[in-house]
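Remarks on the overall topology
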Amino acid sequence: MDMMTMNLTKFQEIQGKIKTVLLPIGMIEAHGPHCALGTDVLIPREFVRRLESEIGDQVLMAPEVTYGHSWGLAPFSGTIDISSEAFSQYVFEICKGFYQQGFEHIILFNGHGGNISSLDIVTEKLADLGVSTLTINWFIDYREDIKQIAPEPGHAGEDETSLILAINQNYAFTDGVGSHEIPIQKRFRVKDGGKILYPEGFSGNAGAASVEKGEQLFQMMIQLVRKDLDKFWNLVNK
Ligand SMILES: [Zn+2]
């Protein structure tokens, strides 16, 4: 069920029957020279769209949260960084709104690493309110499986670029992009540190990305997400 295009009559029919919301959460941010600025919105939105086409009778597909928090890539052109405080409060109130409308279970489908610490705080507050949530950070949760198809993932790396190409071939390019390895894989915080870690705004082997890998990644991860959804529903007695 797609909330964006649904009318009130239809919405009232499903209220109380469907208990689970799929909420895509993204970011508008520099993704190398080669990927759409909306990459972190487009990918979760596509996951949720595909899930809706398979299990649409059990879930409400909510409109996405477009802007997020990116301390790391804030110095880059094209990044619109919302403070962690404002972003957390906004997402909390969106989820609270769904809860008040009868949706007890919320799947936060997150496409952006910089959002994770904020979403951890939000979901703890939601749990105390009575809302059950499952946050899916696809690029971390399924990383080992991703590497079987795209061995050098990263920010706008082989995995993300492939997924974007599978959504629309005009949303990314790979010619002359190459690869970049982050020089330190730890919590590294200095002023404008993102420019040191990601000189061109990306990591991983973006040049190896392809439409075919993207489609394989989507199909593989949709199955993994569905398994996790079943586990979640079992735990919360849907
Ligand atoms: Zn991204």
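Residues take numbers from 1 onward in each chain, read along the sequence in its written order. Reporting of local features is limited, given that this is a predicted model, to residues whose pLDDT is at least 70; pairs of side-chain atoms are given and counted only at 80 or more, and all residues count toward the totals for whole chains, interfaces and linings. Values shown for side chains rest on all heavy atoms present in the structure; no hydrogens or waters enter the calculation.

1. Here we look at the pairing of strand β3 (residues 105–110)
Whether a residue is buried, partly exposed or exposed follows from its accessible area with a 1.4 Å probe, protein chains only, as a fraction of its type maximum: under 20%, in between, or over 50%, in that order. Secondary structure follows DSSP: runs of H or I at least 4 residues long count as helices, runs of E at least 2 residues long count as strands, and numbering of each begins at the N terminus. Most of β3 is tucked away: six of the six residues are buried. Residues of β3 alternate between two faces, with H105, I107 and F109 on one and I106, L108 and N110 on the opposite face, all of them buried. By definition, two strands form a pair when at least two bridges between them are found by DSSP. Across six bridges, the pairing between β3 and strand β4 (residues 132–137) is parallel. Paired with F109 across the strands is I136, a residue of β4.

2. Focus: the sheet that holds β4
Within the open sheet, the four strands sit side by side as β2-β1-β3-β4. Their pairing is parallel. The sheet is open, and its two borders are formed by β2 (59–61) and β4, each paired with just one other strand. Across the sheet, the mean angle from the axis of one strand to that of its neighbour is 20 degrees, orientation sign disregarded. The sheet contacts of helix α4 (residues 116–129) involve β1 (20–25), β3 and β4, and relative to β4 the element is tilted by about 165 degrees. Across the face of the sheet, helix α9 (residues 211–235) comes into contact with β1, β2, β3 and β4 while running at roughly 160 degrees to β4. The axes used here are C-alpha line fits, helices contributing only the stretch in contact, and every angle between their N-to-C directions lies in the interval 0 to 180 degrees. By the convention used here, residues are in contact when the closest approach between their heavy atoms is within 4.5 Å.

3. With respect to the coordination of the zinc ion
As a rule, N, O and S atoms within 2.8 Å of a metal are its donors, except that Na, K and Ca use 3.2 Å; water is not among the atoms, so sites may look incomplete. The protein atoms that coordinate the zinc ion are H31 (NE2), D40 (OD), E160 (OE) and E160 (OE), at distances of 1.9 to 2.7 Å. Key to geometry: four donors with every angle between 85 and 135 degrees are tetrahedral; four donors are square planar and six octahedral where opposite donors lie over 155 degrees apart and all remaining angles lie between 65 and 115; all other sites are irregular. Coordination at the zinc ion is irregular, judged from the four donor atoms that bind it and the angles of 52 to 134 degrees they form at the metal. Linear spacing of the donor residues for the zinc ion on their chain is H-x8-D-x119-E. Note that D40 is positioned in helix α2 (residues 39–55) and E160 in helix α7 (residues 158–167), a separation of 120 residues in sequence. Judged by relative accessible area, D40 falls into the buried class, the value being 2%. E160 gets classed as buried once you look at its relative accessible area, which sits at 6%.

4. A look at the packing of aromatic side chains
When the centres of two rings from Phe, Tyr and Trp lie within 6.5 Å, Trp using its six-membered ring, the rings pair. Their planes under 30 degrees apart give stacked, over 60 give edge-to-face, and anything left gives tilted. Under the criterion given, the structure shown has six aromatic pairs. Here the aromatic rings of F11 and F103 are separated by 5.9 Å at their centres, their planes lie at 45 degrees, and the arrangement is tilted. Note that F11 is positioned in helix α1 (residues 8–14) and F103 in the loop between α3 (84–100) and β3, a separation of 92 residues in sequence. Judged by relative accessible area, which is 9%, F11 ranks as buried. Note on F103: relative accessible area 0%, which makes it buried. Taking the centre distance of 6.2 Å and the plane angle of 40 degrees together, the rings of F47 and W138 count as tilted. Of this pair, F47 sits in helix α2 while W138 sits in helix α5 (residues 138–141), and the two are 91 residues apart along the sequence. The pair formed by F47 and W138 is uniform in burial state, with each residue classed as buried. Three or more aromatic residues link up through ring pairs in this structure, and these residues are F47, F109, W138, F139 and F218.

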